[in-house]
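# Coordinate analysis (summary)
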Amino acid sequence: MTTPALLPLSGRRLPPLNLGASAFPHHRATLRLSEKFILLLILSAFITLCFGAFFFLPDSSKHKRFDLGLEDVLIPHVDTSKGGKNLGGFLIHGQGHDEHRHREEEERLRNKIRADHEKALEEAKEKLKKSRDEIQAEIQTEKNKVVQELKKKDSKPLPPVPLPNLIGINSGEPADPDIREKRNKVKEMMKHAWDNYRQYGWGHNELKPIARKGHSTNIFGNSQMGATIVDALDTLYIMGLHDEFREGQEWIDKNLDFSVNSEVSVFEVNIRFIGGLLAAYYLSGQEVFKIKAVQLAGKLLPAFNTPTGIPWAMVNLKSGVGRNWGWASAGSSILAEFGTLHMEFVHLSYLTGDPVYYNKVMHIRKLLQKMDRPNGLYPNYLNPRTGRWGQHHSSVGGLGDSFYEYLLKAWLMSDKMDTEARKMYDDAIEAIEKHLIRKSNGGLTFIGEWKNGHLERKMGHLTCFAGGMFALGADGSRNDKAGHYLQLGAEIAHTCHESYDRTALKLGPEAFKFDGGVEAVAVRQNEKYYILRPEVIETYWYMWRFTHDPKYRQWGWEATQAIDKYCRVSGGFSGIKDVYSSSPTYDDVQQSFFLAETLKYLYLLFSDDDLLPLDNWVFNTEAHPLPVLHLANTTLSGNPAYR
Ligand code: DMJ
């Protein structure tokens, strides 16, 4: 059985797929078509060998040079009995010794040439195994690199733009003493989470609250990047925990270094680090956060050097080499990963005046716009080499979710000027409603997943964010269906609340079914865990902001109490392995998103609406608030024609 600690953290990962031979078709025609490339390769290997042989094989002139090498000639005289002549205190080696040395050297060179030869043959064999598409893709990647380099030289900086109006960053104190008390409780929980991380996990990415030591996963690479510090900063700020904020700032200033040989997730680093740093910059005005965000973004850019411009899932921060998750369908990149860069990258171009970031994400959008979509749905997998969809799986939960969220938020963040994004969102939501949203026998509205031609009647905790998204997108919806989308948001919030309410601990499972008499309940053991995720509370908060229906505060308070009762340990907060068991066992991880999102949304739920008002701020998918940009006449594309 897989333990929760090994299961997906942010829903972007799936268990490894069993890729049979059919996943790599090996066509005869493919070989014929690529034979020019192979011949070229073999020829170049052959030329390399000849070249090597010419230089490395000993000839008479080389022997002479060898004889005169200082190392061999000028050896202080100790003993002349082995045939050497003593000349002025130095020994010149005898002929017999030279020949032995030459034979050894020749042998070494021969071995080297043999090894090179075998290596070249192996490489040629490897190439022969690849399909035409893959070989072409490799050539294209190389070409793209050159084009990118040239483009870099061409891109002109944009004129500086004024900082947006930063409204509502120090307010929200509720007048009602009961609500104030609840808000203070959430703040106390944040302090408990932070203080323990500070004491036992400082500088590590996350905390193991029971073992009381640092924790990390492969999304952050192999170095200590202080993910919890960066993710938590803006929550600390809005809660007025200024000493803690300053501690975090100091650590970032002195220790956060991106010149490390570490392979990180482009998506996770973008939403948690770049999003977190940008939000901290806007809230506090401290330049260090902006500088670090820009430095880090520069390290992510090589991930876009693919034949299509769709980035790799992972990139090595030092070498810039990118690759995709081994489990992803046919070497694909993931929709929710490459489709969740827009907000942060637009802000980077805005702040730096460098269009490179904006152009990268707009290129992704244009490419997606042009593609055929089965049933109007976006599949979760896209191959960055070929530009073709992988498996036809579509989801509003893991692997797809925040792509849709970012279409809507791109429009909101542009002060509703980016109507192209709004149209893409509206089209996508219509297809989702038609093909993925259903009502269960018991009357619960749920969002299923499309898998190879049929609907899986299962919903993930991650999918619960969509209630908030529908409510946020209601205003401005096509055909004035605002009421309909607000209602849809309310129904999803209700279903997700049911998934919490039907457990022993009143905390929701990772995934729940609507099948065979089961309603909003997890069936498989490995779907019964709760890892401090925010999505259900996120939806309560959006619903509260748009309706002020007190039930959302009530539901949020139920969740707060359950987290405090069952997830709190003396060393912080931990995830739980089975929410249906009344005696909880812990996964011993305090996720950074617990501080970034779960506690922030709870705090906002018990604050007045003038704290981070939604007309002025848009939250990225990790709950980092970024201000709405009133771009007016400014364009971020760097194209003077639009200025
Ligand atoms: C967070 O990292 C983000 O919300 C992301 O979009 C998906 N989910 C995790 C937390 O569950």
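Parameters at a glance
Residues numbered from 1 in each chain as written. Predicted model: local features only at pLDDT ≥ 70, side-chain atom pairs only at ≥ 80, totals over all residues. Heavy atoms only, no water. UniProt positions renumbered as here; feature names shortened; annotations may be inferred. Axes fitted to C-alpha atoms, helices over the stretch in contact; angles between N-to-C directions. Helix = DSSP H or I, 4+ residues; strand = E, 2+ residues; numbered from the N terminus. Left-handed = near helix turned anticlockwise from the far one by under 90°. Contact = heavy atoms within 4.5 Å. Nonpolar A, V, L, I, M, F, W, Y, C, P; charged D, E, K, R; others polar. Pairing = 2+ DSSP bridges. Disulfide = S-S within 2.5 Å. Buried < 20%, exposed > 50% of the residue type's maximum accessible area, 1.4 Å probe, protein only. Core = buried A, V, L, I, M, F, W, Y, C linked by side-chain atoms within 4.5 Å. Salt bridge = Lys/Arg side-chain N within 4 Å of Asp/Glu carboxyl O. Phe/Tyr/Trp six-rings, centres within 6.5 Å; stacked < 30°, edge-to-face > 60°. Lys NZ or Arg CZ within 6 Å of the ring centre and 35° of its normal.

By the naming in an unreviewed UniProt entry, the protein chain is alpha-1,2-Mannosidase, taken from Mionectes macconnelli. The UniProt entry for the protein chain carries the following text under Pathway (unreviewed entry): "Protein modification; protein glycosylation."

## What to know about the packing of helix α7 (residues 177-201) against helix α9 (residues 242-255)
Running from N to C, α7 and α9 cross one another at 35°; their axes reach a closest spacing of 12 Å. The element α7 and its partner α9 pack so that their crossing is left-handed. Seen from α7, the contacting residues are Lys 191, Trp 194 and Arg 198; seen from α9, they are Glu 244, Glu 247 and Gly 248. Classifying every residue of the contact of α7 with α9 by side-chain character gives one nonpolar, one polar and four charged.

## Regarding the pairing of strand β18 (residues 518-521)
The pairing of strand β17 (residues 511-515) with β18 spans three bridges and is classified as antiparallel. Looking at β18, one finds that Phe 514 is bridged to Glu 519.

## Topic: the state of the cysteines
With the rule as written, the count across this model stands at one disulfide. The disulfide partner of Cys 464 is Cys 496, and the S-S distance across this bridge is 2.1 Å. As the torsion about the S-S bond is roughly -95°, the Cys 464-Cys 496 disulfide counts as left-handed. Of the two residues, Cys 464 is situated in the loop between β16 (458-460) and α17 (465-474) and Cys 496 in helix α18 (residues 482-501); the sequence distance between them amounts to 32 residues. Comparing Cys 464 with Cys 496, the two get one shared label, buried.

## Things to note about the UniProt feature "binding site: Ca(2+)" (unreviewed entry) in the protein chain
With numbering matched to this structure, UniProt assigns "binding site: Ca(2+)" (unreviewed entry) to Thr 621. Mapped onto the fold, Thr 621 is located in the loop between β21 (617-619) and β22 (625-627). A relative accessible area of 12% means that Thr 621 is categorised as buried.

## A look at the nonpolar core
Within the largest apolar cluster, 168 residues are counted, with the highest numbers of intra-cluster contacts made by Phe 470, Leu 507 and Ile 563. Here this core takes twelve residues from helix α10 (residues 266-284), the largest share from any one element. Those residues in contact with Ile 563 that lie beyond four places of it in its chain are Met 189, Leu 507, Tyr 530, Leu 532, Ile 537, Arg 568, Phe 573, Phe 594 and Thr 598.

## Details of the pairing of β17
Each regular strand shows side chains that alternate between the opposite faces of the sheet. Judged from the three bridges that link them, β16 and β17 form a sheet pairing that is antiparallel. If you follow Gly 460 over to β17, its bridge partner there is Ala 511. Remark: two residues form the turn of the hairpin made by β17 and β18, two consecutive strands paired antiparallel; Gly 516 in that turn has positive phi of roughly 50°.

## Describing the sheet that holds β17
Spatial strand order, β16-β17-β18: three strands in an open sheet with antiparallel pairing. Single-partner strands in this sheet number two, and they are β16 and β18. The sheet shows a mean angle of 15° between the axes of neighbouring strands, direction not considered. With respect to the sheet, α18 is in contact with β16, β17 and β18, its orientation differing from that of β17 by roughly 105°.

## Overview of the pattern of salt bridges
Taken as a whole and judged by the stated rule, the model has 38 salt bridges. As a salt-bridge pair, Asp 234 and Lys 600 come within 2.8 Å of each other at their nearest N and O atoms. Highlighted residues: Asp 234 in helix α8 (residues 227-238) and Lys 600 in helix α21 (residues 592-605), separated in sequence by 366 residues. Judged by its relative accessible area of 0%, Asp 234 is buried. In this structure Lys 600 comes out as buried when scored by relative accessible area, which is 0%. Its salt-bridge partner being Lys 506, residue Asp 501 comes within 3.5 Å of it at the nearest N-O pair. Under the relative-accessibility criterion, Lys 506 is labelled partly exposed at 38%. It is possible to trace a salt-bridge network through shared partners that takes in Lys 185, Glu 188, Asp 564 and Arg 568.

## Looking at the UniProt feature "active site" (unreviewed entry) in the protein chain
The sites that UniProt annotates as "active site" (unreviewed entry) are Glu 268, Asp 401, Glu 510 and Glu 535. Mapped onto the secondary structure, Glu 268 falls in helix α10. When near neighbours in sequence (up to four residues on either side) are disregarded, Glu 510 contacts Met 459, Gly 460, His 461, Leu 462, Glu 527, Tyr 529 and Arg 533.

## Details of the packing of aromatic side chains
Under the defined criterion, the tally for this structure stands at 24 aromatic pairs. Measuring from centroid to centroid gives 5.6 Å for Trp 194 and Trp 202, while their planes differ by 85°, and the two rings are edge-to-face. For Trp 194, a relative accessible area of 1% gives the class buried. Given a relative accessible area of 22%, Trp 202 falls into the partly exposed group. Joined through ring pairs, the aromatic side chains of Trp 541, Tyr 542, Tyr 601 and Phe 619 make up one cluster. One residue, Arg 373, lies across the ring of Tyr 378, its end atom 4.6 Å from the ring centre. Positioned above the aromatic ring of Trp 411 is the side chain of Arg 422, whose terminal nitrogen or guanidinium carbon lies 4.5 Å from the ring centre.

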